[in-house]
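Okay, here's what each chain looks like letter by letter:
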Amino acid sequence: MIGSGIFIVSADISRTVDSPALLIAAWLITAVMTMIGALSYGELAAMMPHAGGQYVYLREALGPMWGFLYGWTLFLVIQTGTIAAVGVSFGKFLGVFFPSVSSSHWIFKLGHVPTLRIGSVVLGNMDFGLNTANLAAIVVIVAVTAINVMGVRTGR
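For clarity, every value in this text was computed on a predicted model and none was experimentally measured. (Residues numbered from 1 in each chain as written. Predicted model: local features only at pLDDT ≥ 70, side-chain atom pairs only at ≥ 80, totals over all residues. Heavy atoms only, no water.)

Draft legend 1. Here's a closer look at the overall build of the protein chain. When helices and strands are counted, the protein chain shows five helices and four strands. Ordering the α and β elements of the protein chain from the N terminus gives α-α-α-α-β-β-β-β-α. For 156 residues, the compact-globule estimate of 2.2 N^0.38 gives 15 Å, and the C-alpha radius of gyration of the protein chain, at 20 Å, exceeds that figure by more than 25%. Of all 156 residues assigned to the protein chain, the portion counted as buried reaches 15%. Considering only residue pairs separated by 6 or more positions, the protein chain has 36% of its internal contacts joining residues 24 or more positions apart. (Helix = DSSP H or I, 4+ residues; strand = E, 2+ residues; numbered from the N terminus. Rg over C-alpha atoms; globule rule 2.2 N^0.38 Å. Buried < 20%, exposed > 50% of the residue type's maximum accessible area, 1.4 Å probe, protein only. Contact = heavy atoms within 4.5 Å.)

Listed below in structure tokens is the structure:
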């Protein structure tokens, strides 16, 4: 499975490394790492064929507290970040088909975060509020959540 991040992150990596060969090398390295991770999870699944995935592996290897903490971290941080990234990429690329959906078309703008430099790192320098791309992302997240909730209620 290729996540939506490949469409967003590749441009930033390409600008940073400034070389097509280095971009492809980064892809190849991450492909090898992904295959190693997938094979490791396949081995763990064969050894512990129980529902729960990584929760079960952490619980068995490190104890119940670590499985519990991972479960709550997955619920509160990991999955929400993944869902937000998919929503943002959907809103961003929907603008290719519908130009009115864009991060520059503001429904309402609340303000601007000034630039803050910490050494060589630049933070801030962005507007915040609700634009049409963000609204599209919110609609997708609400729709997917509603579909998932209905699927759970109907047992599908």
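On we go from here.
Draft legend 2. Summary view of the side chain of Ser-89. If you trace the backbone, Ser-89 turns up in helix H4 (residues 64-97). Engagement of the side chain of Ser-89 in a polar contact is seen with the backbone oxygen of Val-86, the distance being 2.9 Å. (Polar contact = N/O pair within 3.5 Å; in protein donor to acceptor, adjacent residues only side chain to side chain.)

Draft legend 3. Representation of the pattern of salt bridges within the structure. For the structure on display, the rule yields two salt bridges. As a salt-bridge pair, Glu-60 and Arg-59 come within 3.1 Å of each other at their nearest N and O atoms. The partner of Lys-109 in a salt bridge is Asp-127, with the nearest N and O atoms 3.7 Å apart. Of the two residues, Lys-109 is situated in strand E1 (residues 106-113) and Asp-127 in strand E4 (residues 126-131); the sequence distance between them amounts to 18 residues. Look at Lys-109 and you get partly exposed, because its relative accessible area is 47%. (Salt bridge = Lys/Arg side-chain N within 4 Å of Asp/Glu carboxyl O.)

Draft legend 4. Spotlight on a nonpolar patch on the surface. Together, Leu-62, Met-65, Trp-66, Phe-68, Leu-69, Trp-72, Phe-75, Leu-76, Val-77 and Ile-78 make up an exposed nonpolar region whose accessible area comes to about 1100 Å². No other element matches the nine residues that H4 contributes to the nonpolar patch. (Patch = residues over 30% accessible without salt bridge, like charges linked within 9 Å, V, L, I, M, F, W, Y side chains within 5 Å. Areas by Shrake-Rupley, 256 points an atom, 1.4 Å probe, with all protein chains shown as cover.)

Draft legend 5. Local environment of the packing of aromatic side chains. Inspection of every chain in the model, using the stated rule, returns three aromatic pairs. Between Tyr-41 and Tyr-57, the ring centres sit 6.0 Å apart and the planes meet at 45°, which makes this aromatic pair tilted. Of this pair, Tyr-41 sits in helix H2 (residues 20-47) while Tyr-57 sits in helix H3 (residues 54-62); the two residues are 16 residues apart in sequence, bridging distant segments of the chain. The class for Tyr-41 is partly exposed, based on a relative accessible area of 39%. (Phe/Tyr/Trp six-rings, centres within 6.5 Å; stacked < 30°, edge-to-face > 60°.)

Draft legend 6. Region of the structure containing the packing of H3 against H4. Taken N-terminus to C-terminus, the directions of H3 and H4 make an angle of 155°; their axes are 6 Å apart at the nearest point. As judged from the angle between their axes, H3 and H4 are roughly antiparallel. The hand of the H3/H4 crossing is right-handed. In this structure, H3 uses Gln-54, Tyr-55, Leu-58, Arg-59 and Leu-62 to contact H4, whose residues at the interface are Pro-64, Trp-66, Gly-67, Phe-68 and Tyr-70. Its residues placed into classes, the contact of H3 with H4 shows seven nonpolar, two polar and one charged. (Axes fitted to C-alpha atoms, helices over the stretch in contact; angles between N-to-C directions. Parallel < 35°, antiparallel > 145°, perpendicular 65-115°, else oblique. Left-handed = near helix turned anticlockwise from the far one by under 90°. Nonpolar A, V, L, I, M, F, W, Y, C, P; charged D, E, K, R; others polar.)

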